[in-house]
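Summary of the model geometry
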Amino acid sequence: MSEPGDPTRPLLLRGGVVHSPADPFATALLVVDGTVAWVGSDAAAAASAPPGAEVVELDGALVTAAFVDAHVHLTATGLRLPGPHAVLDLGPATSARDLLAALTAAAAALPEGELLLAEGFDESSWADPRLPGLAELDAAVGPRPALVGRVDAHSSLASTALRRQLGLPLDDAPLAGAAHTTASAAALASLSPQRREAAQLAALRAAAALGIGVVHEMGGPGFGGPDDLAALLQPRPGLPRVAGYWGELGATARAAELGALGPAGDVLADGSLGSRTAALRSAYADRPGHLGSAYVSAGEVRDAVLACVAAGTQPGFHVIGDGALDVVLAGLREAAGVVGELAVRAARPRLEHVLMPDADAVAELARLGVVASVQPAFAATWGAAGGMYEHRLGRERARALHPLAALAAAGVALALGSDAPVTPLAPWEGVRAAAFGVPDGAALSVRAAFAAATRGGWRAEGRDEGGVLAPGAPATLAVWEPTDLVVQTPDPRVSAWSTDPRSGVPGLPDLTPGTPAPRCLRTVVDGVTVHAADAG
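Source: prediction; values computed, not measured. Residue numbers here run from 1 along each chain, matching the order of that chain's written sequence. Local features in a predicted model are, by the rule used here, given only for residues with pLDDT of at least 70; side-chain atom pairs are given and counted only at 80 or more, and totals for whole chains, interfaces and linings are based on all residues. Excluding hydrogens and water, the side-chain figures rest on all heavy atoms present in the structure.

Taken together, the four strands give an open sheet; going across it, the order is β4-β3-β1-β5, and neighbouring strands pair in mixed fashion. Every other strand in the sheet has two partners, leaving β4 (35-40) and β5 (54-57) as the edge strands with one partner each. Put simply, the sheet's adjacent strands are angled 15 degrees from each other on average, direction ignored. Here strand β1 (residues 11-14) runs beside strand β3 (residues 28-32); their pairing, made up of four bridges, is antiparallel. A strand pair is defined by DSSP finding two or more bridges across the two strands. Numbering goes from the N terminus for both helices and strands, where a helix is a DSSP run of H or I of at least four residues and a strand is a run of E of at least two. Axis lines are fitted through C-alpha atoms, for helices just across the contact stretch, and the angle between N-to-C directions can take any value from 0 to 180 degrees.

Shown next as structure tokens:
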């Protein structure tokens, strides 16, 4: 195995199946100086490899471009992974009683006065979704500061001690909007540098083991702060590459100082459906009269986009509800009215999530050159009959969420992500959800979903050369345990034609619901092996 951080030794992979548009029948691939130098047959491989190349016998394994997770929060993800750095994970809680019992036990194990940080509860899945009030929370944690984050990272519970420290209201209402951002920023700022570093490394190593070669980190004032993003953007040989965004409205200069691609990502236009803070056109089904909240105006969107166009950086926003999307699209239209549509398109604005676009919005997203960074695992998690989406929106609106097929058909560029830790790092599960976990008529083919989870991520950050195994492309790839390869699409007639070997359509692992996800054997980033299953 190549030593991490040493991309100088050429790497020849042979004897497998190479998923490449350059040669649909390729069985071998050569990497030189961090770049794909050649793809082709085993017979030609020996003649193509330079002396001293590391040779890996694939034994029938599949080689693909590595995944790009286009929306992650690495520190928060690492804090939910096992280890001494971990926070209390409340994902297993099934009631307020469970949640309080876990908090009581965790508080008893901490030194007096130390912040108790817990994450991941989801009351929408509880039989009784009632949340504990402030007095109940204080009884569980005592006089210490405590922050208890919801799974969607858009609302939280906070103890009296923490609320007093931060000047927040002393009431039973969960923190949301600016109050939640303030509390989250304070909690993450309290982490020691060692604990933060351990969490980041745990998340990056977990990503590498899953065949993820690139992650898009969504930093911001309430998502770790500038020091967190700056640390993640430092070069780390032997780990996946991190591309960063700074989620602060209009902070073009700050984003540039931090090395981010732009003030984009989690620049919040609204909140989330689970917390009922997503901005809707029509009221929530389970809270009549409540429309959620838009956190930006069309004028603020316009000015932010114009600043990015002038600076040559990438603008973007977090958008969940259709009401928030109306505001953002109005701002993009106003910006195009000032500098022209071509200038807005060239900036490659990206919108995160985009759950609720109707047909008119889809057409406008395509016209303005927007990249939609989508999380189909949300649909698999909350989109089932009787699930959170249906509770919040009613059946008809819930079934209209995640119109991936309509976006793709209109020419909107798609990139897939997890929003980890909201849903786990699990790239094949994201592809599976895009193909099988969204409502009828909204699904992508597995091949299209895979392209969005690989090449789509590179394009979302303004790099068109990666995410594909072809000569000249970055050698960021993954090797998968041998398995039968198939072509799966929403239209069975296409599948039947595509499985004919004469078609030359490259197959992918079977992702029929219930089948195990492929196991990653090796991940390579720019020619450097960052994960090898046989290395432990």
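More follows now that the structure is in view.
Attention shifts here to the confidence of the model for the protein. Caution is warranted with low-pLDDT regions, since their predicted coordinates should not be read in detail. Averaged over all residues, the pLDDT of the protein is 94; the fraction at 70 or higher stands at 95%. pLDDT is a residue-level measure of predictor confidence that goes from 0 to 100. Should any heavy atoms of two residues lie within 4.5 Å, those residues are counted as being in contact. Counted against residues more than four places away or in other chains, residues 1-5, with its pLDDT under 50, gives 14 contacts. In this model residues 493-500 is a low-confidence stretch, pLDDT under 50, and it forms 10 contacts with partners more than four residues away in sequence or in other chains.

With respect to topology, five strands assemble into an open sheet ordered β8-β9-β10-β11-β12, the strand pairing being mixed. Each of the sheet's edge strands pairs with one partner strand only, and the pair in question is β8 (88-89) and β12 (175-176). Of the strand pairs in this sheet, β8 and strand β9 (residues 116-121) are connected by two bridges, and their pairing is parallel. Paired with D89 across the two strands is E119, which belongs to β9. Most of the contacts of helix α3 (residues 96-108) go to β9, to which it runs at about 155 degrees, and overall it touches β8, β9 and β10 (146-150).

One pair of aromatic rings is described through two measures. These are the centre distance and the angle between the planes. Note on ring pairs: Phe, Tyr and Trp rings are taken, using the six-membered ring of Trp, and paired if centres are within 6.5 Å. Classes follow the plane angle, with under 30 degrees stacked, over 60 edge-to-face and the rest tilted. Under the criterion given, the structure shown has seven aromatic pairs. Their ring planes at 40 degrees and their centres at 6.3 Å tell us that F121 and W126 sit as a pair that is tilted. To sort residues, take the accessible area from a 1.4 Å probe on protein chains only and compare it with the maximum for the residue type: under 20% means buried, over 50% means exposed, and anything in between is partly exposed. A residue is classified by how much of its surface remains accessible, and W126, at 5% relative accessible area, is buried. Ring centres of W428 and F450 lie 5.6 Å apart, and the angle between their planes is 20 degrees; on these two criteria the pair is classed as stacked. Placement of W428 in helix α18 (residues 427-437) and of F450 in helix α19 (residues 446-453) is noted, with a sequence separation of 22 residues between them. With respect to class, W428 is no different from F450; both count as buried.

This next bit is on unusual backbone geometry. Here the residue pair A420 and P421 is connected by a cis peptide bond, since its omega of 15 degrees sits within 30 degrees of zero. Relative to the assigned elements, P421 resides in the loop between β18 (413-416) and α18. A positive phi angle is found at A153, which is not glycine, with a value near 65 degrees. Looking at the element boundaries, A153 is found in the loop between β10 and β11 (155-158). One non-glycine residue, H402, lies in the positive phi region at around 55 degrees. Mapped onto the elements, H402 comes out in the loop between α16 (395-398) and α17 (404-410). The class of H402 is buried, set by a relative accessible area of 3%.

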